[in-house]
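What follows is each chain in one-letter form.
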Amino acid sequence: MQLQMAALWPTQTVSLLLGLALVLAACACLWRRRWTGLLLMAMAALLLGFGSTHQRAAWRLADVLPAALEGQDLVLTGTVASLPREGIDGTRFVFEVDSARRPGEAANLPKTLPQTVSLGWYRGVDDDALLGGPPEPVRAGQRWQFTVRLRQPHGLFNPHGFDLELWLFEQGIRASGTVRSRPGDEAKKLQDSSGFSLQRARQDWRDAIQARVPNAASAGVLAALAVGDQAAIEHGDWDLFRITGVAHLMSISGLHVTMFAWLAGLLVNRLWRLHPRLLLACPAQSAARWGGLVAAAGYALLAGWGVPAQRTVWMIATVVLLRQAGLRWPLLALLLAGGLVVCLLDPWALLQAGFWLSFVAVALLVVSEPVQGQAEPGGSRLWATLKAALRTQAVATVGLAPLSMVFFQQISLVGFAANLVAIPLVTLLITPLALLGLLLPPLWTLAAWLVQGLSGFLQWLAWAPTAVWQAAAAPPWAVLCGLLAGALAVMPLPWRLRLCALPLALPLLWPAVQRPLPGQFEAVVADIGQGTAVLVRTAQHLLVYDTGPVYSREADAGVRVLVPLLRARGEDRVDLLMLSHRDADHVGGAASVLRALPVAAMSSSLIDAHPLRQGSAVPQQRCAAGQSWRWDGVHFEVLHPLVEDYTRTLKSNAMSCVLHIQGGQSSLLLTGDLEAAQEAALLQRSGAAALRSDVLLVPHHGSRTSSTGPFLDAVAPQLALVQAGYRSRYGHPAPDVMARYEARGVTVLRSDRCGAWQSSAGCSRDHFKRYWHYAYQQPEPRADTP
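Description of the structure in this document. (Residues numbered from 1 in each chain as written. Predicted model: local features only at pLDDT ≥ 70, side-chain atom pairs only at ≥ 80, totals over all residues. Heavy atoms only, no water.)

For the protein chain, the helix and strand inventory stands at 28 helices and 26 strands. Here the protein chain has a C-alpha radius of gyration of 29 Å; the compact-globule value for 786 residues is 28 Å, and the two agree. Judged by the C-alpha coordinates and their principal axes, the protein chain covers about 100 × 75 × 70 Å. The buried share of the protein chain, reckoned over its 786 residues, is 47%. (Helix = DSSP H or I, 4+ residues; strand = E, 2+ residues; numbered from the N terminus. Rg over C-alpha atoms; globule rule 2.2 N^0.38 Å. Buried < 20%, exposed > 50% of the residue type's maximum accessible area, 1.4 Å probe, protein only.)

This paragraph deals with the sheet that holds strand E23 (residues 719-722). With respect to topology, seven strands assemble into an open sheet ordered E18-E19-E20-E21-E22-E23-E24, the strand pairing being mixed. The strands lining the two open edges of the sheet, one partner per strand, are strand E18 (628-631) and strand E24 (747-750). Sheet twist, expressed as the average angle between the axes of neighbouring strands with direction ignored, equals 20°. Strand direction decides the pairing type here: strand E21 (residues 666-670) and strand E22 (residues 695-697), joined by two bridges, are parallel. Pairing of leucine 669 across the sheet is with leucine 696, part of E22. (Pairing = 2+ DSSP bridges. Axes fitted to C-alpha atoms, helices over the stretch in contact; angles between N-to-C directions.)

Strand order in the open sheet formed by eight strands is E17-E16-E15-E12-E11-E10-E25-E26, and the pairing between neighbours is mixed. What marks the edges here is a single partner per strand, and that holds for strand E17 (620-622) and strand E26 (762-763).

Right, let's talk about the pattern of salt bridges for a bit. Pairing is possible between side chains of opposite charge, provided their charged atoms come close. Across all of its chains, the model carries 24 salt bridges by this definition. Arginine 569 is the partner of glutamate 522 in a salt bridge, and the nearest nitrogen-oxygen pair spans 3.3 Å. Here glutamate 522, found in strand E10 (residues 522-525), pairs with arginine 569, found in the loop between helix H19 (557-568) and strand E15 (576-579); they are 47 residues apart in sequence, far enough to count as distant. We note that glutamate 522, like arginine 569, is buried. Residues joined by salt bridges that share partners form a network here, namely Glu86, Arg139, Asp204, Arg206, Asp207 and Asp229. (Salt bridge = Lys/Arg side-chain N within 4 Å of Asp/Glu carboxyl O.)

With that settled, consider helix H2 (residues 34-62). The terminal C-alpha atoms of H2, which comprises 29 residues, lie 42 Å apart, in line with the 42 Å expected from a rise of 1.5 Å per residue. Among the residues of H2, those classed as buried are Gly37, Leu40, Ala44, Leu47, Phe50, Gly51, Thr53, His54, Gln55 and Ala57. Of the surrounding elements, those touching the buried residues of H2 are helix H1 (11-30) and helix H3 (164-171). (Expected span 1.5 Å × (residues − 1). Contact = heavy atoms within 4.5 Å.)

All right, on to the packing of helix H6 (residues 235-243) against helix H15 (residues 443-462) then. Where H6 meets H15, the axes come as close as 9 Å, and the angle between the chain directions of the two elements is 65°. Crossing of H6 over H15 shows left-handed handedness. Listed contacts from H15 to Leu240, Phe241 and Ile243 of H6 are Ser455, Leu458, Gln459 and Ala462. Its residues assigned to classes, the contact of H6 with H15 shows five nonpolar, two polar and no charged. (Left-handed = near helix turned anticlockwise from the far one by under 90°. Nonpolar A, V, L, I, M, F, W, Y, C, P; charged D, E, K, R; others polar.)

A word on the nonpolar core. Residues Leu222, Phe241, Val246, Met250, Val257, Ile430 and Leu454 are the most contacted members of the largest nonpolar core, which totals 49 residues. When residues of this core are traced back to their parent elements, those giving at least two are helix H5 (216-227), H6, helix H7 (254-272), helix H9 (284-302), helix H10 (307-324), helix H14 (415-436) and H15. Top contributing element to this core by residue count: H14, with eight residues. Ignoring any residue separated from it by four or fewer positions in sequence, one finds isoleucine 430 in contact with Leu222, Leu225, Leu425, Ala447, Leu450, Val451 and Leu454. (Core = buried A, V, L, I, M, F, W, Y, C linked by side-chain atoms within 4.5 Å.)

Our next topic: the packing of aromatic side chains. Applying the stated criterion across every chain, the model contains 23 aromatic pairs. With centroids separated by 6.4 Å and ring planes inclined at 50°, the aromatic side chains of phenylalanine 93 and phenylalanine 146 adopt a geometry described as tilted. Here phenylalanine 146 lies in strand E5 (residues 143-151) and phenylalanine 93 lies in strand E3 (residues 90-101), a separation of 53 residues in the sequence. For phenylalanine 93, a relative accessible area of 2% translates into the label buried. Ring geometry for phenylalanine 95 and phenylalanine 146: centres 5.0 Å apart, planes at 45°, overall tilted. On the criterion of sequence distance, the pair formed by phenylalanine 95 in strand E3 and phenylalanine 146 in strand E5 is long-range, its members being 51 residues apart. A relative accessible area of 0% means that phenylalanine 95 is categorised as buried. Overall, phenylalanine 146 belongs to the buried group, its relative accessible area being 2%. Here a set of aromatic residues connected by ring pairs shows up, and it is made of Phe93, Phe95, Trp121, Trp144 and Phe146. Residue placement shows arginine 34 over the ring face of tryptophan 35; its charged tip is 5.4 Å from the ring centre. (Phe/Tyr/Trp six-rings, centres within 6.5 Å; stacked < 30°, edge-to-face > 60°. Lys NZ or Arg CZ within 6 Å of the ring centre and 35° of its normal.)

See the structure below:
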């Protein structure tokens, strides 16, 4: 309940709740009637859980970067506190701040900055070369002083998208930013090693793996399994692992930690029995349990003490303590106790897919266990072991399929076969060899051969045309039916009852997707940062207008935002991809969309030599004024550019495709980066009647070059949408431009504050708001500002 709150309550209210909980607990202890006492104790526990989580959330939210310091140059001194993630564009790492001051000032700022921040040190991101790459590799434990610009935690906010702000909140990272190394203001390395010895060792081992294994893909997998560096795995390999359903094996998860603890416990048990004096001091079973716990904790620390590994260690510790106390609880009760401990330590784990996948997998294996008969003799033991392994994998595959659909909107249809090979190979051979290679590096070569063999097998499986089943995100009632179907399918019940799982699962596997009625359309203005990307859906057709920016050499808005959004909405094809002009923040994700989904046609103002025109087999045409068509009763008309504009030398923005959409009582005008001169020409050529629209996509993201007064008077929108990045370095949208809209009574929504906007639902941030999400605050002026 507390995790669903949009905003936190006042501290006084929470204090009253905690006080009431203590009173109820005292009454429960004194009450003579058993069931009344249990009820009071349950109520006290609910209030304590709610209040304690609420108070911890308040403390964490208070440790955020003040809005007044956002975007300012600050000189930070501190230590690299994590394993740096190196990419083509630069390095990203967690930085523990010791002190902060403004450039040119000797006095340090008060303790207003979060202690832990996430920093990126990029190579040539800005055209004006304000940012330069690290002069030498950044290593964990190094002490640095450099100038940075920070901002509060803020991420893209789209339906069914990754919640970056939740991830940062759970990790305790309350600010992020970039290092600004410029001539005369160079970064200074103050010390080569200053604490964080474990992180330094992890980086040394990762570098040793990469130096020893020439195949980069295999080295990345071994680094992920040995020291928890998931960023070392290449993006193409992650796609392969997701398609084949083995991605959970390629990061240090609960399965790895549990298997490591189990193997360590077996070894301790065997060695303990060799010494009679040790057996007199402590039973071998107890020593094995404690040895497994120590090994699990050590492996989790080696892997960077990530949240999934922490959960598993706490669960194993709970089981060990209960067994050591002589409590012979059923396995489900032990699982519940472990879950309770995890939630007490990290309440926000309940919002993570890994938590539910791990615990539900174990629970399904327990409840699906058939009644055991008499053990089969001799040679049948191998067959019995094989049948048990097949049954375990079948239960996990079928039982977890609904959760996979809920969290990822896809199921790997080859996952059963892939995991039958991958689970024993990764957990019993590749991972142990990767760890033993820390002592005997030649073992990494053998492990790399096994990784390459596994990759070849997975690629063969992934070639199947139906390797993955994908469907739209289902409504809550369909989710409940699907989860019930997964449990029903694996429980030891009569087959006639278990067959009911199939019809129950259909609404989740094949959900009904709502579409606009004929004559109407739905628009989705995606939150993609600085750029443009709009989806327009009619009853039977889909138009994608622009595809957002390129974020780095490894990621763009297409693969990060648009493709997941389209799949979650149940879109399996694009009828028309319209690219307004060639700027990277408008066409950056086009290649990813073209690779991921079939596109029937493409319209753009791109020159013939542009790679998207040269390298695509999709039928293409140039957008030009006068083009029009009707889809399902909705009228589409291109208003700009003119055909003769293609024979002239015009800047890119001047060639923006302008599209007017009219359906029923609603109209939408998409303008690209249209500038003032073209706005005037368009108004003169088409007239105010052709431009009038209910909703306007603000030209050029609210730049001063656009949104002239006569143009706004002609369009007369009720709502204006600005797609701009959070704290855009271009200053979009400009304050004086926003003043023009305000003077005309136009409601303006910005994607950095609204998230994705849907014509049927409004702002995503309003509908899915939680207290850890970014909330805009007007920054207070500095005391020295006139």
